[in-house]
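Survey of secondary and tertiary structure
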Amino acid sequence: MPEAFQHQLTERAAEQGALLRVINDADARAVLVTAFAAAGAAQSGVPGYAEELKAWTDRPGAEGIPASNVARPVSPTVEAARDFGGQRVLSYNVEPEEATLLVIGTSSDDQLSQLRAGEAMSAVLLEATRQGLGNCPLSQPLEVGSTRETLQNDVLGGTLSPQVVLRIGWAQEDSLPPTPRRPLRCSRLQIPRPC
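Residues numbered from 1 in each chain as written. Predicted model: local features only at pLDDT ≥ 70, side-chain atom pairs only at ≥ 80, totals over all residues. Heavy atoms only, no water.

**Quick look at the overall build of the protein**
Short version of the rule: Only DSSP runs of H or I reaching four residues or more are called helices, and only runs of E reaching two or more are called strands; each is numbered from the N terminus. Buried, partly exposed and exposed residues are distinguished by accessible area as a fraction of the type maximum, computed with a 1.4 Å probe on protein chains only: under 20%, between the cut-offs, and over 50%, respectively. Contacts are assigned to residue pairs that have any heavy atoms within 4.5 Å of one another. Working definition of accessibility: Shrake-Rupley area with a 1.4 Å probe, residue cover restricted to the visible protein chains.
From N to C terminus, the protein includes 5 helices and 4 strands. Across the protein, helices and strands are ordered from the amino to the carboxyl terminus as α-β-α-α-β-α-β-α-β. Counting every position in the protein, which comprises 195 residues, the buried fraction comes to 41%. Summarising the internal contacts of the protein: among those between residues at least 6 apart in sequence, 73% fall at separations of at least 24. Here the protein has roughly 10900 Å² of accessible surface; of this, 54% comes from carbon and sulfur atoms.

Shown next, in the form of structure tokens:
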């Protein structure tokens, strides 16, 4: 990804009160990639975790994530940490080794900081899409205390609280199928009929 694009994405995050770090350093990237595998190993021992993940993927015509939209592993050398019930991607919009890994972080981890990080992620993803870049938010290493701490200390130098990892790169020509959406009647704004 060109440096000019990286600067634009960094500016979009800053406008929302968060910081975006581009992980260009090979050692930091290796630590981040390894954190995905470590988080996957930790989560594999959580009772019911695999079943819940499977329940939200590949449910034709229902809510959830179609198998064709599940992200590839962050690196070919690290097996996909999230199995998604054994589903594998047929196509995906960013090749793992060609993508840039970014981390959105905040100075603290309170609710306001988390809100700002979410707004920053939205702004960054919209800007990336506007630039023709494919993107994928990744949270797995932030869901496990030990790997979140590794990201904070060994990837971000102890200066930021990591909130989300983004994988961004040039989109491939083939587009992904749309993910299913709930009908409007299921919206919280439409109270009269239960779903």
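Now that the structure has been shown, we can carry on.
**Comments concerning helix H2 (residues 26-44)**
This is how the line gets drawn: A helix is expected to span 1.5 Å for every residue after the first. An arc is given here, and it is the one of the directions from the helix axis to the C-beta atoms. Between N or O atoms, a polar contact is any pair within 3.5 Å; within protein, one atom must be a potential hydrogen donor and the other a potential acceptor, and residues adjacent in sequence are included only when both atoms are from side chains.
Under the 1.5 Å per step criterion, the end-to-end length of H2 is 27 Å for 19 residues, consistent within 8% with the ideal 27 Å. Within H2 the residues assigned to the buried category are Ala-28, Arg-29, Leu-32, Val-33, Ala-35, Phe-36, Ala-39, Gly-40 and Gln-43. What you see down the axis of H2 is that its buried residues fit within an arc of 140 degrees, all on one side. Facing away from the buried side of H2 by over 90 degrees, the exposed positions are Ala-26, Asp-27, Ala-41 and Ser-44. Contact partners of the buried residues in H2: helix H3 (49-55), strand S2 (100-106), strand S3 (133-138), helix H5 (145-155) and strand S4 (161-170). With a side-chain oxygen positioned 3.1 Å from the backbone nitrogen of Asp-27, the residue opening H2 is Asp-25.

**Points about the pattern of salt bridges**
Cut-off, in case you're wondering: Any Lys or Arg side-chain nitrogen found within 4 Å of a carboxyl oxygen on Asp or Glu counts as a salt bridge.
Summed over the entire model, instances satisfying the criterion amount to 5 salt bridges. The partner of Asp-109 in a salt bridge is Arg-148, and the shortest N-O contact between them spans 3.3 Å. You can see Asp-109 sitting in the loop between S2 and helix H4 (111-130) and its partner Arg-148 sitting in helix H5, a full 39 residues away along the chain. When its relative accessible area of 19% is taken as the criterion, Arg-148 is described as buried.

**Concerning the confidence of the model for the protein**
Rules: As a per-residue quantity, pLDDT reports the predictor's confidence and falls between 0 and 100.
Confidence in the prediction for the protein averages 79 pLDDT; 66% of positions are at 70 or higher. Low confidence marks residues 76-81, where pLDDT is under 50. Its contacts with residues over four positions away, or in another chain, come to 12 contacts. Under a pLDDT of 50 for its full length, residues 85-95 has, in the predicted model, 41 contacts with residues more than four places off or in other chains.

**Comments concerning the sheet that holds S2**
Note the cut-off: Strands qualify as paired when DSSP identifies two bridges or more between them. Orientation is described by axes fitted as lines to C-alpha atoms, over the contacting stretch for helices, and by angles from 0 to 180 degrees between their N-to-C directions.
Overall, antiparallel pairing links the 4 strands, which are arranged S1-S2-S4-S3 in an open sheet. A single partner strand is all that each edge strand has here, and the edge strands are strand S1 (19-22) and S3. With direction set aside, neighbouring strand axes in the sheet form an average angle of 30 degrees. Against the sheet, helix H1 (residues 3-15) contacts S1, S2, S3 and S4, and its axis sits at roughly 155 degrees relative to S1. The strands that H4 touches are S1, S2, S3 and S4; relative to S4, the one it contacts most, it runs at about 5 degrees.

**What to know about the packing of aromatic side chains**
The geometry of an aromatic ring pair is captured by the separation of the ring centres together with the interplanar angle, meaning the angle of the planes. As a reminder, the rule being used: Stacked, tilted and edge-to-face are the three classes applied to pairs of Phe, Tyr and Trp rings, where Trp contributes its six-membered ring and a pair requires centres within 6.5 Å; stacked means planes under 30 degrees apart, edge-to-face means over 60, and tilted covers the rest.
This model, assessed by the stated rule, comprises 1 aromatic pair. Ring plane angle 55 degrees and centroid distance 5.8 Å describe the contact between Phe-5 and Trp-170, whose orientation is recorded as tilted. With a gap of 165 residues between them, Phe-5 in helix H1 and Trp-170 in strand S4 connect regions that are remote in the sequence. Take Phe-5: its relative accessible area is 21%, and that puts it in the partly exposed class.

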